[in-house]
Amino acid sequence: MSKGLDYTALTLVIIGAVNWGLIGFFQLDLVNLIFGNLTWISRIIYALVGLAGLYLLSLYGRVLSMGDRE
């Protein structure tokens, strides 16, 4: 897999995690605040964060296979 794709996916998931933390602690949806309530841009951001999370599920397999090399 491409390291660039891994870093991009990880960055998107971190953005999503920070956004969910802000929602949980302060009821502040940062994506909504910046881009508006479910505008097409915010929906794309939410979709990309979700796809990045699904992509990072493959990280488990890669980490396990790295453990086999040791």
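It should be emphasised that the depicted structure is a prediction, and the values quoted were computed from it without experimental measurement.

Overview of unusual backbone geometry
At step 1: Here the phi dihedral of Gln 27 falls at roughly 55 degrees; this positive angle occurs in a residue that is not glycine.
At step 2: Relative to the helices and strands, Gln 27 is located in the loop between helix H1 (3–26) and helix H2 (30–35).
At step 3: With phi around 50 degrees, Leu 38 is a residue other than glycine that occupies positive phi space.
At step 4: Residue class for Leu 38 comes out exposed when judged on its relative accessible area of 55%.

Quick notes on the pattern of salt bridges
At step 1: Evaluation of the coordinates by the stated rule reveals one salt bridge.
At step 2: Between Asp 6 and Arg 62 there is a salt bridge, with the nearest N and O atoms lying 2.7 Å from each other. Here Asp 6 is found in helix H1, whereas its partner Arg 62 is found in helix H4 (residues 58–69), with 56 residues between them in sequence.
At step 3: Classification of Asp 6 as buried rests on a relative accessible area of 19%.

Quick look at H1
At step 1: Under the 1.5 Å per step criterion, the end-to-end length of H1 is 34 Å for 24 residues, consistent within 8% with the ideal 34 Å.
At step 2: All of the buried residues in H1 are Asp 6, Ala 9, Gly 16, Asn 19 and Leu 22.
At step 3: The N-cap residue of H1 is Ser 2: its side-chain oxygen and the backbone nitrogen of Gly 4 are 3.2 Å apart.
At step 4: Two residues or fewer past H1, Gln 27 is found with a positive phi of approximately 55 degrees.

Some thoughts on helix H3 (residues 40–56)
Working note: α-helix, 3.6 residues per turn, so residues spaced by three or four point in the same direction.
At step 1: Under the 1.5 Å per step criterion, the end-to-end length of H3 is 24 Å for 17 residues, consistent within 8% with the ideal 24 Å.
At step 2: Taken residue by residue, H3 has Ser 42, Ile 45, Val 49, Ala 52, Tyr 55 and Leu 56 as its buried positions. Looking straight down H3, one finds its buried side chains confined to an arc of 145 degrees; they lie on one side. Turned more than 90 degrees away from the buried face of H3, the exposed residues are Trp 40, Arg 43, Leu 51 and Leu 54.

Basis of the calculations
Residues numbered from 1 in each chain as written. Predicted model: local features only at pLDDT ≥ 70, side-chain atom pairs only at ≥ 80, totals over all residues. Heavy atoms only, no water. Helix = DSSP H or I, 4+ residues; strand = E, 2+ residues; numbered from the N terminus. Buried < 20%, exposed > 50% of the residue type's maximum accessible area, 1.4 Å probe, protein only. Salt bridge = Lys/Arg side-chain N within 4 Å of Asp/Glu carboxyl O. Expected span 1.5 Å × (residues − 1). Polar contact = N/O pair within 3.5 Å; in protein donor to acceptor, adjacent residues only side chain to side chain. Arc of directions from axis to C-beta.

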